[in-house]
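Residue-level structural notes
If you want the building blocks of each chain, they are given just below.
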Amino acid sequence: MASTVSFSPANVQMLQARSGHGHAAFGSCSAVPRAGPRLRSTAIRVSSEQEAAAAVRAPSGRTIEECEADAVAGKFPAPPQLVRPKAPEGTPEIRPLDMAKRPRRNRKSPALRAAFQETSISPANFVLPLFIHEGEEDAPIGAMPGCYRLGWRHGLLDEVYKAHDVGVNSFVLFPKVPDALKSPTGDEAYNDNGLVPRTIRLLKDKFPDIVIYTDVALDPYSSDGHDGIVREDGVIMNDETVYQLCKQAVSQARAGADVVSPSDMMDGRIGALRSALDAEGFHDVSIMSYTAKYASSFYGPFREALDSNPRFGDKKTYQMNPANYREALIETAADEAEGADILLVKPGLPYLDIIRLLRDNSALPIAAYQVSGEYSMIKAAGALGMVDEQKVMMESLMCLRRAGADVILTYFARHAAAVLCGMGPK
Ligand code: PBG
């Protein structure tokens, strides 16, 4: 998942091309455009396809030596004539520009473009966020067409099965918690029989090989809708919140979580979580830190999905100012020093510079979160016929990879993985 070098058949010489097997050139799950067997160079061939095939297939019975002797004597069958494609009438006749460098040469055919493609994407790069609730039925999320709050025992298993089927192996869980279980201190967050731990155990039982990420933050459990404990005067209490988060993460680890992901932006939580996990023997549970999480308006649809809007104020005293770049380096240094295994940037597409900044300043795997607002904008524009939803989806994901993300948390994971496996809805 975090590998930086990818292998694609487009990068190797196709030795079997002449034996007729050369056309299965692209791996089943590669974003490289398919260069089908019928592709032809831009030059127009005079001979028909049958003639060409016959010339290859019908040997005259002559030996190699005879053929070579003919060639030496200047007698050989003429190859097909290539004609120059005509320019439209009225095209100015000019002297070609005198330039040594023409970058378009490396873009002139699908095969060349595939060979020189710098970035690749595969379902292994995706983490699918899933909304779960206590109900039996799946409830559509109005602001996120195609996304549902899934019943943890039914719809969820179905969704994981389908995503798994197209190569998505990583999932992150977000619970919609009943209001009656919310409190100012969010204690439901570490109930071992709460929705998330219960769901982790069920998923681990049904799909032992998947990777389960969890969200570590109090907002789904907070009656104030904040990621931490709110003091009377509105201050979000840092260290007390971290204490709760440690209990939450340990409870998730006990249930079988593979990667705990603090999205709360409290100071010092990575080190505290690492110690708490280690103290309970969970040395192998990874921490994906939301290193650079911005106070963004792109989270709107998510908060609707979980009914987790802050009851008052905003999250600006803990989430970062969207105007800030250097500050991400401060968070990066702290998270690295405190033992984070993966660094996450959120949102994704509007923050490509931050993804690149972290990529260039850390050797750790980088994750990008293509958040709910980004998802909904693409869905809405697609539904209105303003853009091609599928193409914009694939491009946005490729751009996150190009900026330096190893993994991408995206609500498009299943759809995009299906496309990469050649079975996407058209
Ligand atoms: C909260 C959390 C949020 C998201 C993930 N975890 C929202 C917030 O910070 O208010 C947003 C994800 C999205 O918009 O898709 N801990």
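Reading the values: rules and limits
Residues numbered from 1 in each chain as written. Predicted model: local features only at pLDDT ≥ 70, side-chain atom pairs only at ≥ 80, totals over all residues. Heavy atoms only, no water. Helix = DSSP H or I, 4+ residues; strand = E, 2+ residues; numbered from the N terminus. Buried < 20%, exposed > 50% of the residue type's maximum accessible area, 1.4 Å probe, protein only. Contact = heavy atoms within 4.5 Å. Areas by Shrake-Rupley, 256 points an atom, 1.4 Å probe, with all protein chains shown as cover. Patch = residues over 30% accessible without salt bridge, like charges linked within 9 Å, V, L, I, M, F, W, Y side chains within 5 Å. Salt bridge = Lys/Arg side-chain N within 4 Å of Asp/Glu carboxyl O. Lys, Arg positive; Asp, Glu negative; His and termini not counted. Charge placed at Lys NZ, Arg CZ, Asp CG, Glu CD. Expected span 1.5 Å × (residues − 1). Pairing = 2+ DSSP bridges. Near = heavy atom within 4 Å. Polar contact = N/O pair within 3.5 Å; in protein donor to acceptor, adjacent residues only side chain to side chain. Nonpolar A, V, L, I, M, F, W, Y, C, P; charged D, E, K, R; others polar. Phe/Tyr/Trp six-rings, centres within 6.5 Å; stacked < 30°, edge-to-face > 60°. Core = buried A, V, L, I, M, F, W, Y, C linked by side-chain atoms within 4.5 Å. Axes fitted to C-alpha atoms, helices over the stretch in contact; angles between N-to-C directions. Parallel < 35°, antiparallel > 145°, perpendicular 65-115°, else oblique. Left-handed = near helix turned anticlockwise from the far one by under 90°.

1. Comments concerning the overall build of the protein
Looking only at helices and strands, one finds 13 helices and 14 strands in the protein. Here the protein, with 426 residues, has 45% of them falling under the buried criterion. Pairs at least 24 apart in sequence give 74% of the contacts found in the protein among residues at least 6 apart. For the protein, the computed accessible surface area is about 22,800 Å², with 54% contributed by carbon and sulfur atoms.

2. Digging into a positive patch on the surface
A cluster of basic residues, Arg102, Arg104, Arg105, Arg107 and Lys108, forms a positive patch at the surface. Structurally, the position occupied by Lys108 is in the loop between strand 2 (82-83) and helix 3 (110-115). The exposed category is assigned to Lys108, whose relative accessible area is 57%.

3. Quick word on helix 11 (residues 372-383)
The end-to-end C-alpha distance of helix 11 is 16 Å, a good match for the 16 Å that 12 residues give at a rise of 1.5 Å each. Looking at helix 11, one finds that the buried residues are Ser372, Gly373, Glu374, Tyr375, Ser376, Ile378, Lys379 and Ala381. Of the surrounding secondary structure, the elements contacted by the buried residues of helix 11 are helix 8 (300-306), strand 13 (366-370) and helix 12 (389-403). Of the residues trailing helix 11, Gly385 is marked for its positive phi of about 75°.

4. Points about unusual backbone geometry
A cis amide bond links Lys346 with the next residue in sequence, Pro347, at an omega value of -5°. Relative to the helices and strands, Pro347 resides in the loop between strand 12 (342-346) and helix 10 (352-361). Positioned with a positive phi, Asp307 is a non-glycine residue whose angle comes to about 55°. By secondary structure assignment, the location of Asp307 is in the loop between helix 8 and helix 9 (327-338). Judged by relative accessible area, Asp307 falls into the partly exposed class, the value being 41%.

5. Some remarks on the pairing of strand 3 (residues 126-133)
In regular strands, side chains alternate between the two faces of the sheet. In terms of burial, strand 3 is largely enclosed, as eight of its eight residues are buried. Of the two faces of strand 3, the one lined by Phe126, Leu128, Leu130 and Ile132 and the one lined by Val127, Pro129, Phe131 and His133 are each fully buried. Alignment of strand 3 against strand 14 (residues 407-410), held across two bridges, turns out to be parallel. What sits directly across from Val127, in strand 14, is Leu409.

6. Here's the deal with the site of the ligand
The full set close to the ligand counts 18 residues, and Lys293, Arg303, Lys346, Ser372 and Tyr411 are the nearest of them. Measuring from an oxygen atom of the ligand, one finds a side-chain N or O atom of Lys315 at 2.7 Å. A distance of 2.7 Å separates an oxygen atom of the ligand from a polar side-chain atom of Ser372. When isolated, the ligand has an accessible area of 400 Å², and the protein chains bury 100% of it. A per-class count over the shell around the ligand returns eight nonpolar, three polar and seven charged.

7. Remarks on the packing of aromatic side chains
Each aromatic ring pair is summarised here by two numbers: the centre-to-centre distance and the angle between the ring planes. On inspection of all chains with the given rule, the structure shows 10 aromatic pairs. Note on Phe174 and Tyr369: the rings are 6.5 Å apart at their centroids and 35° apart in plane angle, and the pair reads as tilted. With Phe174 in strand 6 (residues 170-175) and Tyr369 in strand 13, the pair connects residues that are 195 residues apart, well separated along the chain. For the ring pair Tyr290 and Tyr369, a centre distance of 6.3 Å and an interplane angle of 55° mean the geometry is tilted. Here Tyr290, found in strand 11 (residues 286-293), pairs with Tyr369, found in strand 13; they are 79 residues apart in sequence, far enough to count as distant. Three or more aromatic residues link up through ring pairs in this structure, and these residues are Phe131, Phe174, Tyr290, Phe302, Tyr369, Tyr375, Tyr411 and Phe412.

8. Side note on the side chain of Ser289
Within the element layout of this structure, Ser289 appears in strand 11. At 2.6 Å, the side chain of Ser289 forms a polar contact with the side chain of Asp335. If near-sequence neighbours (up to four positions away) are discounted, Ser289 is found in contact with Pro262, Arg269, Ile270, Asp335, Ala340, Ile342, Leu343 and Leu344.

9. Re the nonpolar core
In this structure, Phe126, Phe131, Leu203, Leu277, Tyr369, Leu397 and Leu409 are the most contacted members of the largest nonpolar core, which totals 103 residues. Setting aside chain neighbours within four positions, we find Leu397 in contact with Ile121, Phe126, Gln370, Ile408, Thr410, Phe412 and Ala416.

10. Notes on the packing of helix 5 (residues 195-206) against helix 6 (residues 238-255)
Across the interface, helix 5 lies against helix 6 with an axial gap of 8 Å and an inter-helix angle of 25°. Classified by the angle their axes make, helix 5 and helix 6 are roughly parallel. As helix 5 runs across helix 6, the sense of the crossing is right-handed. For the pair helix 5 and helix 6, contact is made by Val196, Pro197, Ile200 and Arg201 and by Ser251, Gln252 and Ala255, respectively. Classifying every residue of the contact of helix 5 with helix 6 gives four nonpolar, two polar and one charged.

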